[in-house]
Amino acid sequence: MKRFRPGIAPTLVVLVLLPLMVFLGFWQLSRGQEKQALLQSYAERRAAPPISVDQLDVLADPAFRRVQLRGQFDAGHSVLLDNRMRDGKAGVELLQPFHDQASGQWLLLNRGWLAWPDRRTPPAFTTPDQPLNINAWVYVAPGETFQLHADPAAAQWPRLLTALHPQALWAELDRSGFAFELRAEAGPATYETQWPVVAMGPEKHLGYAVQWFAMALALLGLYLYLGWHNAREKHHGSGHESTQHV
């Protein structure tokens, strides 16, 4: 009777890689479910009527909540968030402190994306100086932005940054401000405001999960093939030797 003979090296490879591939497949499925829940929450909250800043302050989870503001921008402390690509074009997002009159609170308001094709020339923008009514929504980043180098402290204004930390800005300006970025809805004070909610949609996570599971099956199939192939070769070799001895 032929024995299954996969060999030590292939067995060690399968013992290491197969559980890893299966784990990565299920991890991608889990990430896809998280993204789907996030998109559902975004859609529901963006469909709701806007609330005031005072109401926003008491919410445990303010992400994607629409907010109604009235106040003025602080043009002297503009932030340009670097490395923001749109349709293959380099650019920045323009954020400015906005003082809400009703609550008396400062908020960091993202006015949208600006193209920046020539790094030798600063991005051009203007700031309304009159009080404005603006609808915006709260953006809570899913994680910390990766940075090769930390942004320089106390740089000149407008300040070019690669990562946003509103609380640090309010501490520097000695102001009481909201802890998260707000993104303005399209209006007379905005630039390009079409932001993706997630960088990678649930369908891509599903696609990656399928790939990991397919590779796991392919590895297992190759392992089984090698095991039975080696056993057959061994069996044929033994039979040939027996014939020679006879």
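Here the structure is a predicted model, which is why all the values come from computation and not from measurement. (Residues numbered from 1 in each chain as written. Predicted model: local features only at pLDDT ≥ 70, side-chain atom pairs only at ≥ 80, totals over all residues. Heavy atoms only, no water.)

S.K.: Help me understand the overall build of the protein chain, please; the structure alone is not making it clear to me.
M.R.: When its secondary structure is counted, the protein chain shows four helices and seven strands. Going from N to C terminus, the protein chain has its helices and strands arranged as α-α-β-β-β-β-β-β-α-β-α. Expressed as a percentage of its 246 residues, the buried residues of the protein chain come to 35%. Residue pairs at least 24 apart in sequence account for 68% of intrachain contacts in the protein chain once pairs closer than 6 positions are excluded. (Helix = DSSP H or I, 4+ residues; strand = E, 2+ residues; numbered from the N terminus. Buried < 20%, exposed > 50% of the residue type's maximum accessible area, 1.4 Å probe, protein only. Contact = heavy atoms within 4.5 Å.)

S.K.: Please clarify how the pattern of salt bridges should be interpreted in this entry.
M.R.: Between side chains of opposite charge, pairing is possible as soon as their charged atoms come close. For the structure shown, the criterion picks out nine salt bridges. Across the salt bridge formed by Asp82 and Arg119, the nearest N and O atoms sit 2.9 Å from each other. Of this pair, Asp82 sits in the loop between strand E2 (79-81) and strand E3 (91-100) while Arg119 sits in the loop between strand E4 (106-115) and strand E5 (132-139), and the two are 37 residues apart along the sequence. Measuring nitrogen to oxygen at the nearest pair gives 3.3 Å for the salt bridge that ties Glu192 to Arg86. Of this pair, Glu192 sits in the loop between strand E7 (177-184) and helix H4 (202-245) while Arg86 sits in the loop between E2 and E3, placing them 106 residues apart in sequence. (Salt bridge = Lys/Arg side-chain N within 4 Å of Asp/Glu carboxyl O.)

S.K.: What am I meant to see in the UniProt feature "transmembrane region" (unreviewed entry) in the protein chain here?
M.R.: Mapped onto the present numbering, the UniProt feature "transmembrane region" (unreviewed entry) falls at residues 206-226. Secondary structure over residues 206-226 splits into 100% helix and 0% strand, and the C-alpha atoms at its two ends are 30 Å apart. (UniProt positions renumbered as here; feature names shortened; annotations may be inferred.)

S.K.: Would you take a moment to explain the side chain of His77 for this structure?
M.R.: One can find His77 in the loop between strand E1 (66-73) and E2. Polar contacts involving the side chain of His77 include one to the side chain of Asp74, which spans 2.6 Å. The residues touching His77, leaving out its near neighbours within four places in the chain, are Leu95, Gln96, Pro97, Trp157, Leu173 and Arg175. (Polar contact = N/O pair within 3.5 Å; in protein donor to acceptor, adjacent residues only side chain to side chain.)

S.K.: For this particular structure, what's the right way to read helix H1 (residues 8-47)?
M.R.: Along an α-helix, residues three or four positions apart point the same way, because every turn accommodates 3.6 residues. With 40 residues, H1 extends 59 Å from end C-alpha to end C-alpha; this agrees with the ideal 58 Å at 1.5 Å per step. The set of residues buried in H1 consists of Val14, Met21, Leu24, Gly25, Gln28, Gly32, Lys35, Tyr42 and Arg45. (Expected span 1.5 Å × (residues − 1).)

S.K.: In this structure, what is going on with the nonpolar core? I would like to understand it.
M.R.: Side chains of a nonpolar character, in soluble globular proteins, are inclined to be buried together. Counting 17 residues, the largest nonpolar core has Val67, Leu69, Phe73, Leu109, Ile134 and Leu182 as its most contacted members. Broken down by secondary-structure element, the contributors of at least two residues to this core are helix H2 (53-57), E1, E4, E5 and E7. The biggest single contributor to this core is E5, with four residues. Discounting chain neighbours no more than four positions away, the residues touching Leu109 are Leu69, Phe73, Leu94, Leu95, Gln96, Phe98, Ile134, Ala136, Leu182, Arg183 and Ala184. Within the second largest apolar cluster, ten residues are counted, among which are Leu81, Leu95, Leu164 and Leu173. (Core = buried A, V, L, I, M, F, W, Y, C linked by side-chain atoms within 4.5 Å.)

S.K.: Please explain unusual backbone geometry as it appears in this structure.
M.R.: Glycine aside, a negative phi is what most residues show, and trans is what most peptide bonds show. With omega at -5°, the peptide bond leading from Trp157 into Pro158 counts as cis. Structurally, Pro158 is set in the loop between E5 and strand E6 (159-161). Unusually for a residue other than glycine, Asn83 sits at a positive phi of about 60°. Tracing the sequence through the fold places Asn83 in the loop between E2 and E3. Phi at Asp174 takes a positive value of approximately 55°, unusual for a residue other than glycine.

S.K.: What am I meant to see in the pairing of E4 here?
M.R.: The two faces of the sheet receive side chains in turn, since in a regular strand these alternate between them. Burial within E4 is extensive, with nine of its ten residues counted as buried. Two strands pair when backbone bridges link them, and E3 and E4 are joined in this way by nine bridges, in the antiparallel orientation. Its bridge partner being in E4, Gly91 is matched across the sheet by Ala115. Bridging between E4 and E7 involves four bridges; their strand directions are parallel. When the bridges of E7 are listed, Leu108 appears paired with Glu181. (Pairing = 2+ DSSP bridges.)

S.K.: In this structure, what is going on with the side chain of Ser78? I would like to understand it.
M.R.: Mapping Ser78 onto the fold places it in the loop between E1 and E2. By relative accessible area, Ser78 is classed as buried at 1%. At 2.8 Å, the side chain of Ser78 forms a polar contact with the side chain of Gln96. Ignoring any residue separated from it by four or fewer positions in sequence, one finds Ser78 in contact with Leu94, Leu95, Gln96, Phe125, Trp157, Pro158 and Arg159.

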